[in-house]
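A closer look at the structure
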Amino acid sequence: MIRFAMLRHGHTAWNRAGKIQGRTDISLDDQARADLHEFCLPTSWQAVDLYASPLDRACETAAIVAGRKPVVVPELVEMDWGKWEGLKGVDLKADPNSEFKNIEEWGWGYRPPEGESPTDVWARLEPWILSLKRDSIAVCHIGTMRILLARAFGWNFLGKPPFRIKRNRLFVINICDGELSVADPDVVRLEAVA
């Protein structure tokens, strides 16, 4: 069995403004950098393989909290939100013609205009994650984390999610015989820098 932990990148100006980032390469803001320098990986996770999405916000988060550069993995890039990137979710939700849906209503086939569905994201993530040979951490995005956690929890993107993704925490799943499952514990906090 392999332990696989996911860490969401630090805040960007678009996060704080409520804009959908998707694959738009927005860097961490100065406050996020300062906040991240107060944390490090828990001792039991410091020597594992370190990966990150190719987007700058994920690579920089990884380097700050781990104290080393990650291996960049294209498959970990954020879900493609197509025409909705750069727009605010609250504005799309208020527009009845946008076809924007809350995550509880997605199902695996939900697709933003010219974007990716959860099924598409899983199709690119599955071969990579199942190829891992050692305990690992990936610094990535809420979209990719949702897909992997949904698989581990057996959640189908209908109804309330069985997890809540927060920052400065490792979300841990197990990989065994080609299957993802929920680890115990499934959430591990980053440690404060001494």
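Let us look at the structure shown here. (Residues numbered from 1 in each chain as written. Predicted model: local features only at pLDDT ≥ 70, side-chain atom pairs only at ≥ 80, totals over all residues. Heavy atoms only, no water.)

With that out of the way, let us pick up the overall build of the chain. For the chain, the count of helices and strands is six helices and eight strands. A compact globule built from 194 residues should have a C-alpha radius of gyration of about 16 Å, and the chain, at 16 Å, falls within 12% of that. For the chain, the C-alpha atoms occupy an extent of roughly 50 × 40 × 25 Å along the three principal directions. Every one of the 194 residues in the chain was classed for burial, and the buried ones make up 50%. Considering only residue pairs separated by 6 or more positions, the chain has 67% of its internal contacts joining residues 24 or more positions apart. In the structure as shown, the chain presents an accessible area of about 9400 Å², 50% of it carried by carbon and sulfur atoms. Positive and negative side-chain charges in the chain, numbering 25 and 27 respectively, have mean positions lying 3 Å apart. (Helix = DSSP H or I, 4+ residues; strand = E, 2+ residues; numbered from the N terminus. Rg over C-alpha atoms; globule rule 2.2 N^0.38 Å. Buried < 20%, exposed > 50% of the residue type's maximum accessible area, 1.4 Å probe, protein only. Contact = heavy atoms within 4.5 Å. Areas by Shrake-Rupley, 256 points an atom, 1.4 Å probe, with all protein chains shown as cover. Lys, Arg positive; Asp, Glu negative; His and termini not counted. Charge placed at Lys NZ, Arg CZ, Asp CG, Glu CD.)

The full count for this structure, using the stated rule, is nine salt bridges. Among the ionic pairs, R33 bridges to D30, the shortest N-O distance being 3.0 Å. Of the two residues, R33 and D30 both sit in helix 2 (residues 30–36), three residues apart, roughly one turn of that helix. What makes R33 partly exposed here is its relative accessible area of 24%. A salt bridge links E60 to R33, with the shortest nitrogen-to-oxygen separation between them at 2.6 Å. Of this pair, E60 sits in helix 3 (residues 56–66) while R33 sits in helix 2, and the two are 27 residues apart along the sequence. Residues joined in a network through salt bridges with shared partners are R23, E116 and R124. (Salt bridge = Lys/Arg side-chain N within 4 Å of Asp/Glu carboxyl O.)

Further remarks concern the nonpolar core. Ranked by internal contacts, the top residues of the largest apolar core, which has 36 residues, are F4, I129, L148 and I173. Contributing elements (two or more residues each) for this core: strand 1 (2–8), helix 5 (118–129), strand 5 (136–140), helix 6 (142–153) and strand 6 (169–176). Counting residues per element, this core draws most heavily on helix 6, at six residues. With sequence-adjacent residues up to four places away left out, L148 is seen in contact with F4, M6, W122, L125, I129, I173 and L180. Grouped together as the second largest cluster of nonpolar side chains are 22 residues, L28, L36, L41 and V139 included. (Core = buried A, V, L, I, M, F, W, Y, C linked by side-chain atoms within 4.5 Å.)

Inspection of the secondary structure puts R167 in the loop between helix 6 and strand 6. For R167, a relative accessible area of 15% gives the class buried. Separated by 158 residues in sequence, R167 and H9 place their C-alpha atoms 7.3 Å apart. Apart from the residues within four sequence positions on either side, R167 is in contact with R8, H9, G10, H11 and N15. At a separation of 3.1 Å, a polar atom in the side chain of R167 contacts the side chain of N15. (Polar contact = N/O pair within 3.5 Å; in protein donor to acceptor, adjacent residues only side chain to side chain.)

So, to be careful, I would describe these as geometric facts and stop short of saying anything about function.
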